[in-house]
Amino acid sequence: MIAAYLRTSTGKQDLASQRALVLAWARTAGVEIEQIRWYEDEAVSGRTGDQVEVKRLLADAAGVPPPFESVVVSELSRLGRSMGRIAERVEALAKSGAKIVLCSSGTTLDYTTLEGRALTGALALAADIEWCLMSERNARGRESIKAHGIKSGRKPTPIPLEAVKAMRAGGQSKKKIARGLSVDRNTLRRFMLREGIP
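Model, not experiment: these values are computed from the prediction. (Residues numbered from 1 in each chain as written. Predicted model: local features only at pLDDT ≥ 70, side-chain atom pairs only at ≥ 80, totals over all residues. Heavy atoms only, no water.)

Q: Provide a residue-level description of unusual backbone geometry, including the pertinent values.
A: Across the junction of Val-64 and Pro-65, the peptide omega takes the value -5 degrees, indicating a cis bond. Within the secondary structure, Pro-65 is located in the loop between helix 2 (52-61) and strand 3 (70-73). Positive phi outside glycine occurs at Ala-43, with the angle close to 55 degrees. Mapped onto the secondary structure, Ala-43 falls in the loop between strand 2 (36-41) and helix 2. Look at Ser-182: it is not a glycine, yet its phi comes out positive at around 55 degrees. By the secondary structure assignment, Ser-182 is in the loop between helix 6 (174-181) and helix 7 (185-195). Among the residues examined, Ser-182 registers a relative accessible area of 66% and is labelled exposed. (Helix = DSSP H or I, 4+ residues; strand = E, 2+ residues; numbered from the N terminus. Buried < 20%, exposed > 50% of the residue type's maximum accessible area, 1.4 Å probe, protein only.)

Quick look at the structure:
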């Protein structure tokens, strides 16, 4: 059995390109699609520990007998964006006997060998540095936008004032009004406070 782990960092990304890489690797390696168990985290940062599916993968990999001969990812940074987290996860998978396959480069990491651990460390460091550089670029971009007086962030959600007043006068709760207008409750609460609606 092969495990495939896919992760995107934002809602603007999708998993299609990673899935295509894994499927291309499977065809080349002679692995049937039915032999692949998929784990997918969408719009979850690799810097935090909030990836539900990678936790499920690690728990499944620790089973007896170990179910996976390999864990396939498009690149090592999918498992995390910090050296420590990547090393921790690769080591846990290695303890189960699984090798890590990086299908974008065709590299197989065998963490049980000195060379495999060294390569894993180098790739984890690269993922960590890449994340730091992206963060710095984003911070500079935000500073530049702010310096030019340009507003950034999400556009405010339009809320019809008269509809809210009428619904509230009709005795509807804030929760019901928010649901009826498809607006977040906290956004509606702030809007009503600003407009003086009880």
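Q: Can you explain a nonpolar patch on the surface? Please cite residues and give values.
A: Taken together, Met-83, Leu-125, Ile-129 and Leu-133 make up a surface patch of nonpolar side chains, about 320 Å² in accessible area. In terms of residue count, the dominant contributor to the nonpolar patch is helix 4 (residues 114-147) (three residues). When you line up the elements, Leu-133 lands in helix 4. (Patch = residues over 30% accessible without salt bridge, like charges linked within 9 Å, V, L, I, M, F, W, Y side chains within 5 Å. Areas by Shrake-Rupley, 256 points an atom, 1.4 Å probe, with all protein chains shown as cover. Salt bridge = Lys/Arg side-chain N within 4 Å of Asp/Glu carboxyl O.)

Q: Give me the lowdown on helix 7, citing residues and values where you can.
A: Along helix 7, the residues that are buried comprise Leu-188, Phe-191 and Met-192. Around the axis of helix 7, the buried residues are gathered within 95 degrees of arc, so they sit on the same side. Turned more than 90 degrees away from the buried face of helix 7 sit Leu-193 and Arg-194, all of them exposed. On its buried side, helix 7 packs onto helix 5 (161-169) and helix 6. Measuring from the backbone nitrogen of Asn-186 back to the side-chain oxygen at the start of helix 7 gives 3.0 Å, which picks out Asp-184 as the cap. Where helix 7 terminates, the next one or two residues include Gly-196, which has phi positive at roughly 70 degrees. (Arc of directions from axis to C-beta. Contact = heavy atoms within 4.5 Å. Polar contact = N/O pair within 3.5 Å; in protein donor to acceptor, adjacent residues only side chain to side chain.)

That's the geometry; what it means functionally is another story.
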